[in-house]
Amino acid sequence: MIVRLEHIAVFNFSVFLFAFSLFCYGFFPLSFSPPTKSSLDELPQFVANSSFDTTSYKPRISRAVFMLIDALRMDFINQEANFKFLNELVNDGRACLYRLQVHPPTVTMPRIKAMTSGAIPSFLDVILNLGSPEMKLDTFLYQMKQRQQKIVFYGDNTWTNMFPDMFHRQGENVDSLYVNDFYEGDQNITRFLKLELQMYDWKLMVLHYLGLDHIGHVEGPFSEKVPGKLQEMDRVVETIYETMHKWEKKYYTKPLLIITGDHGMRDSGGHGGSTHPETIVPLVIVSDQCGRSNETFLQIDLAPTMSILTGVAIPHASIGSVIEPALKGLEGEDKLYALYYNARRLISKAQAIIPDGLHTTDMYRNYEEAKRFHGLFMNDTTDAASYKRALLLYTSASKKLTQMLITSYIRYDLVFIVIGCTMGVLCAAMAVLQILQKATTETIALRPRPSQVACFLIIISIVLKILSFEKQQPSVSTYMFDAGLVILALIFLTICSCISLLFEGIELKRLNLRKMPTPASLLVWFGIIFHCVSLASSSFVEEEHQTWYYFTSSMLLLLTLKQLQIMNHTIGLIKHPKTEAALIGVCQDERNMFCISSAAFICIHILIRRFNQTGDKWQHIPDVGDWLAKDGHKVWLSLSMFVGLCYLVYQICSLGGLLTNVLSLTAALLIYYYRSVTGSVSFFGRTPPNSSVCLTIFWINLLEIFFIGFLPKMYRMVMGRRNAKRSSELFDNCLIVVALLCALLHKPHNVLLVGVLMASSRFLTRRIDRVAEDAGSNLVLKVITHYWLGKTFYFYQGNSNSLATIDLNAGYVGLNHFDILRVGVFLTLHTFSGPILSFLMLMHHLFKANQSETQIPRTETYNSTCKRRILSLINTITMLPVSFFIIVATVLRDHIFVWTVFSPKLIYEYFSVWLVLVQIILVMCLLRKTYASESGR
C-alpha cells in the first residue's frame, strides 16, 4: 500500500491524540471513593472493656444555617470595616473563627463534594465543574434526609444539579456561571432567606452566595465593589443571628450558623490554582458552644463535624478528621465517643490500604493508647488526666490517618499511563523521522510480510494482555475486551512499521543546520530541546513564560542583527569610486531607519511584557494592567485601548480591500463604545446609553466582512474561474474577523496585543525572507518562530499554567445568560488567542508566498510538498514537549506539586493538542502543494 507522507503525518497526530487521551484517562481517575452509604448501625458499641449507649449519639443542635460565600478569602473576614457585625461576634466570644485548607482544584463543584462527603475529589472534577453531574457519594446531606431531617436550599444551581432530590424546598440561580451578575442573584437568595426564617419545618438551610466570586472574576479582589458586597454579607449574617437569638430565647433551642467559603481568590481575581489566597478560607461557627483555635483544619473535616453535630452517620467516603474545638458544647463522654467513632472509621480504611504494616505505625499506636485512656475515663468520669490524654491521642491519630489516606486515595491507572506514554513517544519519534526524510521522498510503501505481522501482533497482544489482565471487568464481554487489545496491537504495528520505513529514508542534512544562519539555526533547535528538558522542573513549569520570553526576544534580535549584517555587506559592495554617492546615502538612510524601527519594535515587546505579571513567583507584583485598571487612571486606560484599536486597524488594512477596511474601522469603534458602556473606558467624559445595539451592529459587521470574501469565492467556484491573486481573500477576511473578535474579548489594556502580534508576525517573516538561504530553511524558521510567537503572546496577556488565570469574564461578553457553546468558544478564543492568531498569520504568509512570482534561489531541488513539511514540523514541536512531559508527570506522580503544577499543565496541553488538530485540518484543506517564498534578497 502506497501512502503519502502528509497522510502519515495526519495519522501520526491522530494516534498521538489518542495516546494522550489514554494517558489522561489513567492519570486523572474519575473517582477515588466508592458510592457506599453509611448507617447508624455502624456506631461503635464498646471501647476497651466499656460499652456505650448508642442512643446518646443524637443531634446537638436544633437547626443550622450553612452559609457559603463563594470565593471568600481569609483576609476578607478580618476586614472589620466590612464585616463589622461578624467581627463583633468573634471578639465577644459569640462566634469562633477557624482556618480551613482547601485542596486543589479550587473550583466550586469539587469543593462542594469535599465539604459534604469528606472525600478528596478527583482533579478532573475541574472539567466536570461546568456540568455538575449528580453526586453518587455518601454525604451528610443524604444522611440527614435518611433521618427525616428536612433541608432547604437557595443559591448556586450547582447544588441542585449535584443533589437533584435532596431539598425539601429550593431556589437556585439559573445562570450561576453568568459572572456579570453581582447583585440580583444574591438579593433573591436573601429574599427567600427571610421567608424561610419564618418557617419551622427544616433542620438545615444551605445558602450559596455568588456575587463576591463574580466580582472577583470580573474586577478582582481589590475592586471597589468588594467592600459593598462584604457589607451586604455582613447584614445577612446579622439578620440570621438576630432570628436565631429569638429562637434561642423563646424556644430554648440551640441553632447554629456556619459561614465559610468554598475556595478563595487569587490577587488577580481568578481561582482554580494553589496559591495561599485560593487555598486558605475562613470557617466561622456562630455559637457560644465552640472553642478558639489557631490551628489550620482541612475543608474535608467539615463533613464528619457536621455529621456529629446533626447526629447522623459520618459519610462512608469521608477521610476527614473532626474539628474538635467546634464540639466544645459536648459533654466529655460524648466528645470522646465522637472522636473514637471517626478514628475507628479511619483506621478501618487505613487497614484496607496497608493491612500488614499499619500496626507498626505511630498513628495506630496512638489510636490504641487513646482507646486505653478512653476506657479508663469511662470507668471513672472524674479522671481528667485520662480524658485529656485520650482527647489528644485521638486527635493526633485522626490527623495522621487523614494525611495518609489523602496520599493513598490518589490512585493512578498505570496500564493506561504506560500505554499512553509508549504510544506518545513512538509518535514523537515518527514525527522527528519525517523531518529527516529525503527531499525526493513523498510516499512510502507499507508492505509488511504476513509472517512478520502475525508474530508482531501475537507478541504485542500477549504483552497487552499481561499488562491489563486486572482491567477486565466481569460485566465487560471477553470478545469486546480482546477486540480492544487487538486494535491497540494493530496501532502499535502500524506505528512501528512506519518508523521502520521512515528510518530507512533518513537524510541528516534535512536539518539544514549548515544552510540556515548559524546563530538562528542553533537557537531554533536549542530552544526546542531546552523547552522539553525544562518541563522536568516544577519551577520551570510555573515560570514557563520566561522560557518563551527569552527565546522569542533572542530570535527577534538575531534576525535583526543578521539583516543588519546583510545591509552593511551590501553597502560595502557598492562603495566604489564610480558609484554615485546618492545611492550610498539612500542605502545608509534605509539602514538607519531599519535600526530605529527594529529598536522601537523590541522596546514595544519589552513594554507589553510588563502589561500582565504571570507565573507564580512574581505574579503578586503590580503590573501595568493593574495600574491602568485603577479608577484614577481611567483616561490612560482609555488612551491605551484607543491606541491598540487604531494599531489593529492599521495592521488589518494590509489584509483587506477598501470596504473591508471601512467595516473593520467601524467594528473597532463599536468595540470601544461597548467598553465605554460597561464603564471600563471613558467616552469623552460622558456616559453613553446602555444599549446592546452596538454589539448587534458589531456582529453584523463581522458577517459582512466574512461574506465579502465568501461570496466572490463561491461565484468563482460555480463559474469555474480561478484568480490566483484573490485565492486567499476569504482566508484573510476570516483572519480579520478573528482578530476583531479577540480585540472584543480582551481586557481593554490587552487590546494592543492583537495588533502587536500581527506586526510581530510580519516583522519575523520579512527578516526570515531576507536571511534564509533556501525555501526549506525559510519554512522551518517561519513555522517554529510563529509557534514561539503564539506561546509568547499567550503569556503576554496574563495566562499561565495555573487554572486560576482563565478569565471567565471574557466568555460572557455581550451575553446576559449562560450558553455553554458560546461561552466555550469565547473562552477558547480569548485564552488561546496568541497561538490561534499566530498560526493564522503564518498561513497568511504562506498563501502570500505561493502567490508571489519571486522565489528565493535554491541550492538543491525541493520536490517535497509544503503540506508535508509543515505537518511534520507542527507534529514535532507539539509532540516532543508533550511526550516528554507526560513521562515526567508519570515519574513524578508522587511529587508534592503533582496536583498544583503538573496536573493543570497537563489539562492545558491536552486542550492545546486539540487546537493543533484543528490547525492540521486547516493545513490539509487550504494549502497548495508547492511552496515559494518571498525574496528580499
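Every value quoted in this text rests on a predicted model; they were computed, and no experiment measured them.

## Notes on the overall build of the chain
Reasoning step 1: Along the backbone of the chain there are 33 helices and 12 strands.
Reasoning step 2: In the chain, buried positions account for 57% of the 937 residues.
Reasoning step 3: Pairs at least 24 residues apart make up 79% of the contacts formed inside the chain by residues separated by at least 6 positions.
Reasoning step 4: Per element, the accessible surface of the chain, about 40,000 Å² overall, is 61% carbon and sulfur.

## Side note on empty space enclosed by the protein
Reasoning step 1: Summed over the entire model, instances satisfying the criterion amount to seven cavities of 30 Å³ or more.
Reasoning step 2: For the largest cavity, the calculated volume is near 420 Å³.
Reasoning step 3: Among the secondary structure elements, those contributing two or more residues to the lining of the largest cavity are α21 (544–574), α29 (775–796), α31 (833–851), α32 (866–891) and α33 (898–926).
Reasoning step 4: It is α33 that contributes the most residues to the lining of the largest cavity, eight residues altogether.
Reasoning step 5: Counted by class, the lining of the largest cavity contains 18 nonpolar, seven polar and four charged residues.

## Details of the packing of aromatic side chains
Reasoning step 1: Applying the stated criterion across every chain yields a total of 53 aromatic pairs.
Reasoning step 2: Residues Y364 and Y367 carry aromatic rings whose centres are separated by 6.2 Å and whose planes lie at 50° to one another, so their mutual orientation is tilted. Highlighted residues: Y364 and Y367, both in helix α14 (residues 362–379), separated by three residues, approximately one helical turn. Across the pair, exposure class does not vary: Y364 and Y367 are buried alike.
Reasoning step 3: Taken together, the ring pairs connect F13, F16, F20, F23, F27, F28, Y412, W899, Y910 and W914 into an aromatic cluster.
Reasoning step 4: In this structure, R63 is placed above the aromatic ring of W247, and the distance from its NZ or CZ to the ring centre is 4.5 Å.
Reasoning step 5: Cation over ring: R191 sits above F192, and NZ or CZ is 5.3 Å from the ring centre.

## Focus: the state of the cysteines
Reasoning step 1: Applying the stated criterion across every chain yields a total of one disulfide.
Reasoning step 2: Each sulfur in the disulfide pair C96 and C290 lies 2.1 Å from the other. Taking the sign of the torsion about the S-S bond as the criterion, the disulfide between C96 and C290, at about 95°, is right-handed. With C96 in strand β5 (residues 96–101) and C290 in the loop between β10 (280–286) and β11 (296–298), the pair connects residues that are 194 residues apart, well separated along the chain.
Reasoning step 3: We classify C96 as buried; its relative accessible area is 3%.
Reasoning step 4: Accessibility expressed as a relative area gives 6% for C290, which makes it buried.

Reading guide: rules and limits
- Residues numbered from 1 in each chain as written.
- Predicted model: local features only at pLDDT ≥ 70, side-chain atom pairs only at ≥ 80, totals over all residues.
- Heavy atoms only, no water.
- Helix = DSSP H or I, 4+ residues; strand = E, 2+ residues; numbered from the N terminus.
- Buried < 20%, exposed > 50% of the residue type's maximum accessible area, 1.4 Å probe, protein only.
- Contact = heavy atoms within 4.5 Å.
- Areas by Shrake-Rupley, 256 points an atom, 1.4 Å probe, with all protein chains shown as cover.
- 1 Å grid on protein atoms, 1.4 Å probe; cavity = no way out; pocket = protein on both sides within 12 Å on 5 of 7 lines; lining within 4 Å.
- Points joined across faces, edges and corners; volume = space filled by probe spheres on them.
- Nonpolar A, V, L, I, M, F, W, Y, C, P; charged D, E, K, R; others polar.
- Phe/Tyr/Trp six-rings, centres within 6.5 Å; stacked < 30°, edge-to-face > 60°.
- Lys NZ or Arg CZ within 6 Å of the ring centre and 35° of its normal.
- Disulfide = S-S within 2.5 Å.

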